[in-house]
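Here is how the chains run, residue by residue.
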Number of protein chains: 2
Amino acid sequence: MEQPDKKHVIFQTVLELIREKGFHGTPVSMIAERANVAAGTIYHYFDSKEVMLLELYKYIKEQVQAIVVKTEQSSQTYPEQFYQLWMALYQFYINNPNVLGFFEQFVNSPYYTDELADNTCALRKTLLDFVSKGVKQNVLMPLRPEILSALFHGNVLTMAKMHKLRKVVLKKEEVSEVIDACWRSVTRPGTGYPDKRTIDFKLNKNGK
Amino acid sequence: MEQPDKKHVIFQTVLELIREKGFHGTPVSMIAERANVAAGTIYHYFDSKEVMLLELYKYIKEQVQAIVVKTEQSSQTYPEQFYQLWMALYQFYINNPNVLGFFEQFVNSPYYTDELADNTCALRKTLLDFVSKGVKQNVLMPLRPEILSALFHGNVLTMAKMHKLRKVVLKKEEVSEVIDACWRSVTRPGTGYPDKRTIDFKLNKNGK
DNA sequence: AAAAACCGAATGAACATTCAATCGGTATGG
DNA sequence: CCATACCGATTGAATGTTCATTCGGTTTTT
């Protein structure tokens with residue numbers, strides 16, 4: 001029976017190796033060795049290297065998507081959802097630094113076709129809905145959702161990359177400051193919810 | 001006689017091809033063909049493909065660095081410098097979309113060694129100085145310069161990538177809104193310079 | 001004992017790099 | 001003013017290596 005485990009082992013190995021050696025620099029043979037399987041076995045699970053990377057890409061997107069959905073549900077007020085979402089994504093990327101590099105390489109590779117790009121990607125859609133909701137509630141600036149979404153997610157990614165690439169580790173208060181900064185950037189300047197949001201919120205849920 | 005032109009032609013070709021085909025997917029032979037030189041010629045100018053990419057990386061960084069320096073000098077007040085700098089970088093990345101992908105691929109490639117990372121890279125240093133100045137002037141939040149710098153540059157990059165990858169084209173007013181958003185994120189919430197900065201500033205300088 | 005998972009050596013294509021040959025221009029000598 | 005020697009730039013076919021993929025056989029599972 002096809003072990004789902006093995007696929008995950010391979011995925012994990014690919015992420016590791018891509019981080020270490022880059023997108024090139026990771027031949028199938030090396031993946032096989034590190035994952036303790038034979039090269040041929042990889043082709044039992046995936047039709048080709050390309051298919052493998054595509055599946056991995058989808059797999060990760062689903063993970064992130066799941067985090068977003070789950071986190072959004074766990075809070076009530078918009079500001080709190082915002083805070084928690086930022087935090088949850090940040091922690092995910094910090095705990096899975098390999099993902100950051102993989103994504104960047106992937107979207108710039110020939111594998112990333114236009115279909116994949118404008119595809120009704122669930123993650124993108126979820127984030128767009130999230131910011132649209134904020135606009136409707138008159139909390140966020142009345143900007144196009146694409147822009148707000150990019151500002152939000154881009155901010156998280158920037159901080160995570162800073163952590164990974166520059167080894168800049170944010171202290172707890174600094175994280176709060178940055179989330180505040182992000183919040184300030186997407187909300188109307190005067191509009192309410194000014195400090196109310198500096199909630200003593202609980203990390204433990206997402207933390208590891 | 002060694003033509004400096006030819007190096008630039010090769011650089012430009014590499015950027016183009018990497019955008020089209022990704023970092024892999026661009027063999028030297030293809031670069032040679034597109035640049036209308038023989039494969040061997042490339043090795044007359046560069047010791048290896050690796051060296052070529054390293055030089056290209058430096059070359060681009062210097063270009064960006066030059067833009068930052070020049071733009072910083074062209075304005076007096078900090079808010080205006082901030083505005084102009086954001087704008088100049090944004091326009092550079094919009095006009096040179098190939099650069100975006102190249103950078104991302106490069107920093108995740110095996111070529112990007114630790115030396116290059118923490119290296120006293122002039123660009124990084126300049127940006128750090130710029131935000132430090134802002135902190136000293138009590139305009140920017142008292143955060144670590146690394147963080148402020150990342151927030152600033154990350155914001156520009158995010159918007160440029162949105163443009164490139166999602167084909168989201170910002171209208172003039174939207175650009176202003178985004179710069180304002182970025183400004184709000186790095187300045188103290190209450191602190192002065194609130195709207196004064198929505199200067200009717202002149203694009204023509206950097207525009208193309 | 002059939003099927004499915006797994007192995008890893010073998011295959012052939014693609015690649016970075018090399019190098020002997022050519023070309024075009026510039027200095028040197030008559 | 002021509003002819004000759006010289007030099008670096010340029011070429012592209014040849015080389016050796018690396019890689020993705022295949023496939024005949026072996027083990028494991030059902």
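Rules used in this analysis
- Per-chain numbering applies: the sequence of each chain, read as written, is numbered from 1 onward.
- Lettering of chains starts at A and numbering of ligands starts at 1, both following the order in which they are written.
- Residues qualify for local features only when their pLDDT is at least 70, as the model is predicted, and side-chain atom pairs are given and counted only at 80 or more; totals for whole chains, interfaces and linings, by contrast, use all residues.
- Side-chain figures throughout are based on the complete set of non-hydrogen atoms in the structure, without hydrogens or water.
- With a 1 Å grid spanning the protein atoms alone, the term cavity applies to any set of points in which a 1.4 Å probe fits but cannot get out, the term pocket to an open set with protein on both sides within 12 Å along at least five of seven lines, and the term lining residue to any residue with an atom within 4 Å of a point.
- Grid points are joined across faces, edges and corners, and a volume is the space filled by probe spheres set on the points.
- In this text, helices come from DSSP runs of H or I with a minimum length of four residues, and strands from runs of E with a minimum of two, each type numbered from the N-terminal end.
- When residue character is reported, Ala, Val, Leu, Ile, Met, Phe, Trp, Tyr, Cys and Pro are called nonpolar, Asp, Glu, Lys and Arg charged, and the others, Gly included, polar.
- UniProt positions are given in the numbering used here, feature names are shortened, and annotations may be inferred rather than shown by experiment.
- Salt bridge, as used here, is a side-chain nitrogen of Lys or Arg placed within 4 Å of a carboxyl oxygen of Asp or Glu.
- Here the term buried applies to any residue with accessible area under 20% of the maximum for its type, exposed to any over 50%, and partly exposed to those in between, with areas from a 1.4 Å probe on protein chains only.

Chain A carries the name TetR/AcrR family transcriptional regulator in an unreviewed UniProt entry, which gives Ohtaekwangia kribbensis as its organism.

A. Representation of empty space enclosed by the protein in the model. In this structure the tally under the stated criterion is 2 cavities of 30 Å³ or more. Each pocket or cavity is described by its volume, and for the largest cavity that value is around 110 Å³. What lines the largest cavity is a set of 13 residues, and nearest its centre among them are Leu151(A), Gly154(A), Asn155(A), Leu151(B) and Asn155(B). Residue assignment for the lining of the largest cavity shows that the elements contributing at least two residues are helix H9 (145-166) and helix H10 (172-186) of chain A together with helix H9 (145-166) of chain B. When grouped by side-chain class, the residues that make up the lining of the largest cavity number 5 nonpolar, 8 polar and no charged. Of the voids in this model, the second largest cavity is the one considered here, and its volume is about 30 Å³. For the second largest cavity, the full set of lining residues is Val14(A), Ile18(A), Phe23(A), Thr26(A), Ile31(A), Lys49(A), Met52(A) and Leu53(A). Its residues placed into classes, the lining of the second largest cavity shows 6 nonpolar, 1 polar and 1 charged.

B. Examining the UniProt feature "DNA-binding region" (unreviewed entry) in chain A more closely. The sites that carry the UniProt feature "DNA-binding region" (unreviewed entry) are, in the present numbering, residues 27-46 of chain A. Helix makes up 75% of residues 27-46 of chain A and strand 0%, whereas the separation of the span's terminal C-alpha atoms amounts to 15 Å.

C. Examining the pattern of salt bridges more closely. A full pass over the atoms with the stated rule returns 14 salt bridges over all chains. The partner of Lys161(B) in a salt bridge is Glu104(B), and the shortest N-O contact between them spans 2.5 Å. With Lys161(B) in helix H9 and Glu104(B) in helix H6 (residues 97-107), this residue pair connects regions lying 57 residues apart in the sequence. On the basis of relative accessible area, Lys161(B) is assigned to the partly exposed category, the value being 22%. Counted as one network, the salt bridges with shared partners bring together Glu16(A), Glu20(A) and Arg34(A).

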